[in-house]
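Summary of the model geometry
Below, each chain spelled out in residue letters.
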Amino acid sequence: MWYHQPVINEELLQGLPNLKIVASSGVGIDHLDLNLLSRYRVKVSNTPFVVSTDTADLGMALMLASSRRLVEGCEIAVSPNTEYFPADWLGTEVSGATLGIVGMGTIGYKVAERAKAFEMKILYHNRNQRTKEEESAVGAVYCKKIDDLLQQSDFVLLSVNLTPQTRKLFGKGELELMKPTATLINISRGLVIDQDALVEALQNKVIKAAALDVTYPEPLPRDHPLLKMKNVIITPHIGSATKKTRFLMMENMMESIKMALAGLPIPNEVP
């Protein structure tokens, strides 16, 4: 499966009685009905580890681009109407700021490793607390309550899997807990955020800005208000989009398929 295609439904499974495995690219499996696949005794694999480095890089890129207003700056620099560069056109510091990471899995931890190099104060909220050694390595502080993280962070980065529990995890209440000077960054799934609440928060200056690699749907309707906001950066779900990583993803998928057909243990099998 690439970009969630083809759609795996009961009609397809009934038409493929010899199907052994569905090898899905990327990390997320929210597009798959695992119970349905299990009933048909079809195994599932994904490619969780090869995408983590690139996705963490993109998370940092979005933070930097949003804070330093790179998209707006580029528009000013190349505009045929620009006669001078305004001296009062200012961004926000990343170095020394507080980053709150919601979801400290493989990707979230790699973001923390990168943020440490920017001398950021790192807070994180996760289902399970990392070991003291892991926390110490990146200087991260665990927040058992997400509210504590939101109230302190200058940047809030979402790096969670989409599950029934994380669907619209970020809504009006969570956004209102953030600083009015804070930026929300999403490199997980669009449905983790209540987009209507986000639009309202940005319009009413509840938060300062948003940088999103994911939305719902993808792409957004061309008249969506998020597309018209100067304080929003949107990229087309490109967390893993480098040549090397896409090649490794395909290699991982092919390896899982070969192992499944040989009746051997499947790398990256999804339970």
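Source: prediction; values computed, not measured. (Residues numbered from 1 in each chain as written. Predicted model: local features only at pLDDT ≥ 70, side-chain atom pairs only at ≥ 80, totals over all residues. Heavy atoms only, no water.)

1. Comments concerning the overall build of the protein
Threshold: Put simply, DSSP H or I for four residues or longer makes a helix, DSSP E for two residues or longer makes a strand, and each gets a number counted from the N terminus. Here the globule rule is a power law, 2.2 Å times the number of residues to the power 0.38, and the radius of gyration is based on C-alpha atoms. In this scheme, a residue with accessible area under 20% of its type's maximum is buried, one over 50% is exposed, and one in between is partly exposed, where area comes from a 1.4 Å probe on protein chains only. Two residues form a contact once any of their heavy atoms are found within 4.5 Å. Per-residue and other accessible areas were derived by the Shrake-Rupley procedure at a 1.4 Å probe size, with only the shown protein chains allowed to occlude residues. All tallies of charge rest on Lys and Arg as positive and Asp and Glu as negative; His and the ends of each chain are not included. We put the charge of a Lys on NZ, of an Arg on CZ, of an Asp on CG and of a Glu on CD.
Regarding its fold elements, the protein presents ten helices and nine strands. For 271 residues, the compact-globule estimate of 2.2 N^0.38 gives 18 Å, and the protein sits close to it at 20 Å. Taking the principal axes of its C-alpha atoms as reference, the protein extends roughly 65 × 50 × 35 Å. Looking at the protein residue by residue over its 271 residues, the buried ones come to 44%. The contacts of the protein with a sequence gap of at least 6 include a subset with a gap of at least 24, amounting to 62%. Taken as a whole, the protein presents about 14900 Å² of accessible surface, with 55% of it coming from carbon and sulfur. Side chains of the protein carry 29 positive and 30 negative charges; the gap between the two charge centres is 3 Å.

2. Points about the sheet that holds strand 7 (residues 183-186)
For the record, the criterion: Only strands that DSSP links by at least two bridges are regarded as paired with each other. For every element, the axis is a line fit to its C-alpha atoms; helices are fit only across the contacting stretch, and the angle between N-to-C directions ranges from 0 to 180 degrees.
Read across the sheet, seven strands follow the order 5-4-3-6-7-8-9 without closing on themselves; strand pairing throughout is parallel. Here the strands that pair on one side only, and so sit at the sheet edges, are strand 5 (140-142) and strand 9 (232-234). Neighbour to neighbour, the strand axes of the sheet diverge by 15° on average, direction disregarded. Note: strand 7 against strand 8 (residues 209-212), four bridges, orientation parallel. Note that in strand 8 the partner of N186 across the bridge is L212. Sitting on the sheet, helix 5 (residues 106-117) touches strand 3 (98-102), strand 4 (121-125) and strand 6 (155-158), and the angle it makes with strand 3 is about 170°.

3. Examining the layout of surface pockets
This is how it is decided: Grid points spaced at 1 Å and placed over the protein atoms alone form the basis of the search, with a cavity being a set where a 1.4 Å probe fits but cannot get out and a pocket an open set showing protein on both sides within 12 Å along at least five of seven lines. Lining residues have an atom within 4 Å of a point. Grid points are joined across faces, edges and corners, and a volume is the space filled by probe spheres set on the points. Residues are grouped as follows: nonpolar covers Ala, Val, Leu, Ile, Met, Phe, Trp, Tyr, Cys and Pro; charged covers Asp, Glu, Lys and Arg; every other residue, Gly included, is treated as polar.
There is about 290 Å³ of room inside the second largest pocket. Taken together, 19 residues form the lining of the second largest pocket, with R69, E72, K230, N231 and V232 sitting closest to its centre. Elements represented by at least two residues in the lining of the second largest pocket include exactly helix 3 (52-67), helix 4 (70-78), strand 8 and strand 9. The biggest single contributor to the lining of the second largest pocket is helix 4, with four residues. Among the residues forming the lining of the second largest pocket, the class breakdown is eight nonpolar, six polar and five charged.

4. Remarks on the domain arrangement of the protein
So the rule is basically this: Where each domain begins and ends follows an automated or database-derived domain assignment. Buried area adds together the accessible area that both of two parts lose upon being put together, with accessible area traced by a 1.4 Å probe. Polar contacts, as used here, are pairs of N or O atoms within 3.5 Å; protein pairs need one atom able to donate a hydrogen and one able to accept it. Residues neighboring in sequence count only if both atoms are side-chain atoms.
According to the domain assignment, the protein contains domain 1 (10-49 + 242-270) and domain 2 (51-234). Spacing between the C-alpha centres of domain 1 and domain 2 amounts to 31 Å. If you look at the interface, domain 1 gives ten residues, while domain 2 gives seven residues. When the two sides are added together, the surface that domain 1 and domain 2 hide from each other amounts to roughly 690 Å², 50% of it contributed by carbon and sulfur. Scanning the region where domain 1 abuts domain 2 turns up five residue pairs in polar contact (both at pLDDT 80 or more).

5. Some thoughts on the packing of aromatic side chains
Quick note on the threshold: By convention, a stacked pair of Phe, Tyr or Trp rings (six-membered ring in the case of Trp) has centres within 6.5 Å and planes under 30 degrees apart, an edge-to-face pair has planes over 60 apart, and any other such pair is tilted.
For the coordinates displayed, the defined rule picks out one aromatic pair. Taken together, a centroid distance of 5.2 Å and an interplanar angle of 50° make the contact between Y124 and Y142 tilted. With a gap of 18 residues between them, Y124 in strand 4 and Y142 in strand 5 connect regions that are remote in the sequence.

6. A look at the UniProt feature "domain: D-isomer specific 2-hydroxyacid dehydrogenase catalytic" (unreviewed entry) in the protein
Cut-off, in case you're wondering: UniProt positions are given in the numbering used here, feature names are shortened, and annotations may be inferred rather than shown by experiment.
Under the feature "domain: D-isomer specific 2-hydroxyacid dehydrogenase catalytic" (unreviewed entry), the UniProt entry names residues 2-270. A helix fraction of 36% and a strand fraction of 13% characterise residues 2-270, whose end C-alpha atoms lie 16 Å from each other.

7. Section: the packing of helix 3 against helix 5
We count it as follows: By the definition adopted for this analysis, an angle is roughly parallel if under 35 degrees, roughly antiparallel if over 145, roughly perpendicular if from 65 to 115, and oblique otherwise. Take the far helix as your reference; a near helix turned counterclockwise from it by less than a right angle gives a left-handed crossing, and one turned clockwise gives a right-handed crossing.
Closest axis-to-axis distance for the helix 3/helix 5 pair is 8 Å, and the angle between their directions is 50°. Taken together, helix 3 and helix 5 sit at an angle that is classed as oblique. Taken as a pair, helix 3 and helix 5 cross one another with a handedness that is right-handed. Here S52, T53, T55, A56, D57 and M60 of helix 3 come into contact with helix 5, specifically with T106, I107, K110, V111, R114 and A115.

8. Remarks on unusual backbone geometry
The step from Q5 to P6 runs through a cis peptide bond, and the omega angle for that step is -5°. Summarising the element assignment, P6 is placed in the segment before helix 1 (10-15). In this structure, the amide linkage connecting E218 to the following residue, P219, adopts the cis form with an omega of -5°. Within the chain, H4 stands out as a residue other than glycine whose phi angle is a positive 65°. Tracing the backbone shows H4 in the segment before helix 1.

9. Section: the pattern of salt bridges
The criterion, for reference: By definition, a salt bridge exists where a carboxyl oxygen of Asp or Glu is found within 4 Å of a side-chain nitrogen of Lys or Arg.
Overall, the coordinates contain ten salt bridges when judged by the stated rule. One salt bridge connects R189 with D30, and the closest N-O pair in it is separated by 3.3 Å. Pair noted here: R189 is in the loop between strand 7 and helix 9 (195-203) and D30 is in the loop between strand 1 (21-23) and helix 2 (34-39), with a separation of 159 residues, a long-range link. Exposure remark for R189: the relative accessible area of 17% places this residue in the buried category. Between R130 and E134 there is a salt bridge, with the nearest N and O atoms lying 3.2 Å from each other.

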